[in-house]
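Residues per chain are reported as follows:
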Amino acid sequence: EHEEAIQFDPQTVDALSNGFLDSFQPMFEQVTKHLKELQHSQQEMMVAIKTEDENLSALPQLKPAVDSLSKVPQYLGNLQTLRKDMDTLSDRVEKLKRRTMKIMQRKQGDENQAAEKRAREQAQQRG
């Protein structure tokens, strides 16, 4: 199994190589330029962020604010729990109100029946 080496004319190889480079080199150069600009911008941003972080951490007045802000998620969780508890209690209060109204209506009906029964009994005793 002998592989034969394909021979190309050196001028053809040069022409194809130059054509390939001429076609893609401007795009490669533009991409390379954009990447360098991006790297430079990222480095500047990192320096700015580091400087700002150092400046902010150097301010002792911010420590209480940072501590308070770090507790916000816990406070939100507590508020949500309280809201659920209040909703549950409100539902229970509404149910108890309805139940109380039914009991009061039943009691009033019982009292009315008892009054009617007494009135009949008194009417029978007189008559």
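Residues numbered from 1 in each chain as written. Predicted model: local features only at pLDDT ≥ 70, side-chain atom pairs only at ≥ 80, totals over all residues. Heavy atoms only, no water.

(A) Structural view of the overall build of the protein. Within the protein, the secondary structure is distributed over three helices and zero strands. Walking the protein from its N terminus toward its C terminus, one meets helices and strands in the order α-α-α. Here the C-alpha radius of gyration of the protein, 45 Å, is well above what a compact globule of 127 residues would show, namely 14 Å. Over its C-alpha atoms, taken along the principal directions, the protein stretches across nearly 140 × 60 × 30 Å. Taken over 127 residues, the protein has a buried fraction of 0%. Accessible area for the protein stands at about 12,600 Å²; split by element, carbon and sulfur atoms hold 57% of it. (Helix = DSSP H or I, 4+ residues; strand = E, 2+ residues; numbered from the N terminus. Rg over C-alpha atoms; globule rule 2.2 N^0.38 Å. Buried < 20%, exposed > 50% of the residue type's maximum accessible area, 1.4 Å probe, protein only. Areas by Shrake-Rupley, 256 points an atom, 1.4 Å probe, with all protein chains shown as cover.)

(B) View of the confidence of the model for the protein. For the protein, per-residue confidence averages 88 on the pLDDT scale, and 98% of positions sit at 70 or higher. Put simply, helix 2 (residues 62–70) is where the protein has its lowest mean pLDDT, 81, and helix 3 (residues 72–126) is where it has its highest, 93. (pLDDT = per-residue confidence, 0-100.)

(C) Fine view of the packing of aromatic side chains. Scanning the model with the defined rule gives two aromatic pairs in all. Ring plane angle 45° and centroid distance 5.0 Å describe the contact between F20 and F24, whose orientation is recorded as tilted. Note that F20 and F24 are positioned in helix 1 (residues 10–57) at a spacing of four residues, about one turn of the helix. Within the aromatic cluster, the residues linked to one another by ring pairs are F20, F24 and F28. (Phe/Tyr/Trp six-rings, centres within 6.5 Å; stacked < 30°, edge-to-face > 60°.)

(D) A nonpolar patch on the surface, seen in detail. Together, F20, L21, F24, M27, F28, V31, L35 and L38 line one region of the surface with nonpolar side chains, adding up to about 760 Å² of accessible area. One can find L35 in helix 1. (Patch = residues over 30% accessible without salt bridge, like charges linked within 9 Å, V, L, I, M, F, W, Y side chains within 5 Å. Salt bridge = Lys/Arg side-chain N within 4 Å of Asp/Glu carboxyl O.)

(E) Representation of a positive patch on the surface within the structure. A cluster of basic side chains, namely K95, R98, K102 and R106, defines a positive patch on the protein surface. Mapped onto the secondary structure, R106 falls in helix 3. Accessibility expressed as a relative area gives 55% for R106, which makes it exposed. (Lys, Arg positive; Asp, Glu negative; His and termini not counted. Charge placed at Lys NZ, Arg CZ, Asp CG, Glu CD.)

(F) Region of interest: the pattern of salt bridges. A complete count under the given rule lists one salt bridge for this structure. Among the salt bridges present, the one from E94 reaches K97, with a minimum N-O distance of 3.8 Å. Of this pair, E94 and K97 are both found in helix 3, three residues apart, which corresponds to roughly one turn of the helix. The partly exposed category is assigned to E94, whose relative accessible area is 39%.

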